[in-house]
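Structure assessment
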Amino acid sequence: MSWGNHHELPFDSGLEEKILGPLSFSKLMFIAPSLIVVDQIANIYPKLPFDSIVFSRIHLAIPVVIAIVLAYFKDNRTNLTLPQLILTKLSLKRRRRVFYYQRINFRREDES
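Residues numbered from 1 in each chain as written. Predicted model: local features only at pLDDT ≥ 70, side-chain atom pairs only at ≥ 80, totals over all residues. Heavy atoms only, no water.

1. A closer look at unusual backbone geometry
This is how it is decided: Elements are defined by DSSP. Helices are runs of H or I of four residues or more, strands are runs of E of two residues or more, and each kind is numbered from the N terminus.
The phi dihedral of Asn-79 falls on the positive side, at around 60°, and the residue is not glycine. Structurally, the position occupied by Asn-79 is in the loop between helix 3 (62-72) and helix 4 (82-91).

2. Considerations on the layout of surface pockets
Convention followed: Buriedness of a pocket was judged along seven lines, with at least five required to meet protein on both sides within 12 Å; pockets are open sets of points on a 1 Å grid over the protein atoms alone, cavities are sets where a 1.4 Å probe fits but cannot get out, and lining residues have an atom within 4 Å of a point. Grid points are joined across faces, edges and corners, and a volume is the space filled by probe spheres set on the points. All residues other than Ala, Val, Leu, Ile, Met, Phe, Trp, Tyr, Cys, Pro, Asp, Glu, Lys and Arg, Gly among them, are scored as polar; the first ten of these are nonpolar and the last four charged.
Quantified by volume, the largest pocket comes out at close to 210 Å³. Mapped by element, the contributors of at least two residues to the lining of the largest pocket are helix 1 (25-44), helix 3 and helix 4. Ranked by the residues each element gives to the lining of the largest pocket, the list is headed by helix 1, at 3 residues. When its residues are assigned to classes, the lining of the largest pocket shows 5 nonpolar, 4 polar and 3 charged.

3. Looking at the environment of Lys-27
We apply this condition: Only protein chains enter the accessibility calculation, which uses a 1.4 Å probe. A residue is then buried if its area is under 20% of the maximum for its type, exposed if over 50%, and partly exposed in between.
With respect to the element layout, Lys-27 can be found in helix 1. Lys-27 sits in the buried class, given a relative accessible area of 13%. As for Lys-27 and Glu-16, which are separated by 11 residues in sequence, their C-alpha atoms are 9.9 Å apart.

4. Considerations on the environment of Ser-26
Spelled out, the test is: Polar contacts, as counted here, are pairs of nitrogen or oxygen atoms within 3.5 Å of one another; within protein the pair requires one atom able to donate a hydrogen and one able to accept it, and residues that are adjacent in sequence qualify only if both atoms are side-chain atoms.
Among the structural elements, Ser-26 can be located in helix 1. Each C-alpha atom of the pair Ser-26 and Tyr-72 lies 9.7 Å from the other, and the pair is 46 residues apart in sequence. Of the polar contacts made by the side chain of Ser-26, one reaches the side chain of Ser-24; its length is 3.3 Å.

5. Observations regarding the side chain of Asp-75
Quick note on the threshold: Contacts: residue pairs with any heavy atoms within 4.5 Å of one another.
With respect to the helices and strands, the residue Asp-75 is situated in the loop between helix 3 and helix 4. A relative accessible area of 17% means that Asp-75 is categorised as buried. A distance of 3.1 Å separates polar atoms of two side chains, one belonging to Asp-75 and the other to Thr-78. The contacts of Asp-75, once residues within four sequence positions are left out, are Leu-80 and Leu-85.

If you want it as structure tokens, here you go:
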């Protein structure tokens, strides 16, 4: 290797460090608050009046399903997660284009 050649190692390997089972820190940030919301909902509405065990507690799964969608789904084109994509689209303002139109009347001196 000659002087001046500098080859950096990539710092982003694309791997996420697992904290709790298959959950990384970023995924845990979505799922943990949803579990807290589920606990609060279960204290307010313990069961729905259905005979089935699944349908009587379906309202408890809704916040967890929303959190899983936000944590795991990515856009294929940009490789951003769904919340990152939404925040990026909201932060990029739609460009306003203003066209100035000025009508200039030319008079011909021949047509007087």
